[in-house]
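Below are the chains, spelled out letter by letter.
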Amino acid sequence: MALAKSMLAFLLMTTLVGVSLGAVHKVGDSAGWTIMGNIDYDKWAASKDFHVGDTIVFEYDNQFHNTKQVTLQDFQSCNALSPIAAYATGSDSIILKTPGHYYFLCGYPGHCEAGQKLDIMVTPPSPRPTSASPRPAAPYASSPSATASSSQTPPNNPDYQSNASSSLQILLFKLIWPALINLAIFFVTAEPGPRPQPEPEFLILTQLPQK
């Protein structure tokens, strides 16, 4: 059971690491989620790029504010009575799981009307660059053998190395992850069998010769 718990803890930690790979955006930057300071949240959102897997964080004093995700219609009318989701921790971390528009507002009376509302557009994850930057032409003609050798050597380019490393990590993840899950399930569901009983000890009696 101890091994099973360790495996489950490892799987949970791996999942959390995978979740945290996206960018984290603090709404309003240093100002946070507030009506003070005449913060233009539309301007803030326009300066950011939001992708699937990113996290947005609303930080505020939960005695005076909250966060509610609403529909477009409720966003336009500042209606916080039928939210899609409601948060009131004072430090709400929301993972953007699907592309499209997300609408948020503060549900306290008058706050949405005062500008405490946010509309962000989330796009699919941006792919890594796959093409290496062009290499400068050689100042002199190289021999055929040198050309063949250089064509077989991977370019010493950071993007190329990053793509190769990322592809290898994804391949290893796909190969190892199912095995880890099956192993954890096996140890959790397996019942310990009966312990083997010790074999009885037999006493060998020897008859002493009679005198």
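What counts as what
- Residues numbered from 1 in each chain as written.
- Predicted model: local features only at pLDDT ≥ 70, side-chain atom pairs only at ≥ 80, totals over all residues.
- Heavy atoms only, no water.
- pLDDT = per-residue confidence, 0-100.
- Contact = heavy atoms within 4.5 Å.
- Salt bridge = Lys/Arg side-chain N within 4 Å of Asp/Glu carboxyl O.
- Helix = DSSP H or I, 4+ residues; strand = E, 2+ residues; numbered from the N terminus.
- Buried < 20%, exposed > 50% of the residue type's maximum accessible area, 1.4 Å probe, protein only.
- Pairing = 2+ DSSP bridges.
- Axes fitted to C-alpha atoms, helices over the stretch in contact; angles between N-to-C directions.

- If you look the chain up in an unreviewed UniProt entry, it shows as Mavicyanin-like from Melia azedarach.

## Topic: the confidence of the model for the chain
In step 1: Chain-level statistics for the chain give a pLDDT mean of 74 and a share of 50% at 70 or above.
In step 2: Note on residues 9-20: pLDDT is under 50 here. Beyond four places in sequence and across chains, it has ten contacts.
In step 3: For residues 202-206, every residue scores under 50 in pLDDT, and the model assigns this stretch zero contacts once sequence neighbours within four places are set aside.

## Describing the pattern of salt bridges
Side-chain pairing between opposite charges can occur once the charged atoms of the two side chains come close.
In step 1: By the definition in use, this model includes two salt bridges.
In step 2: Where K26 meets E59, a salt bridge forms, and the shortest distance between an N and an O atom there is 3.2 Å. Of this pair, K26 sits in strand 1 (residues 24-26) while E59 sits in strand 3 (residues 55-59), and the two are 33 residues apart along the sequence.
In step 3: On the basis of relative accessible area, K26 is assigned to the partly exposed category, the value being 30%.
In step 4: Classification of E59 by relative accessible area gives partly exposed; the value is 34%.
In step 5: For D29, the salt bridge identified is with K48, shortest N-O distance 3.6 Å. Linking D29 in the loop between strand 1 and helix 2 (41-46) with K48 in the loop between helix 2 and strand 2 (50-51), this pair joins segments that are 19 residues apart in sequence.

## Some points on the sheet that holds strand 8 (residues 117-123)
In step 1: In space, the five strands of this open sheet follow the order 2-8-7-4-5, with mixed pairing throughout. Single-partner strands in this sheet number two, and they are strand 2 and strand 5 (85-87).
In step 2: Inspection of the sheet shows strand 2 paired to strand 8 by two bridges, in the parallel sense. Across the sheet, the residue bridging to F50 is V122, located in strand 8.

## Some words on the sheet that holds strand 1
In step 1: Here we have three strands laid out as an open sheet, ordered 1-3-6, and mixed in their pairing. Either end of the sheet is taken by a strand with one partner, and the two such strands are strand 1 and strand 6 (91-95). Neighbour-to-neighbour, the strand axes of the sheet open up by a mean angle of 20°, direction not taken into account.

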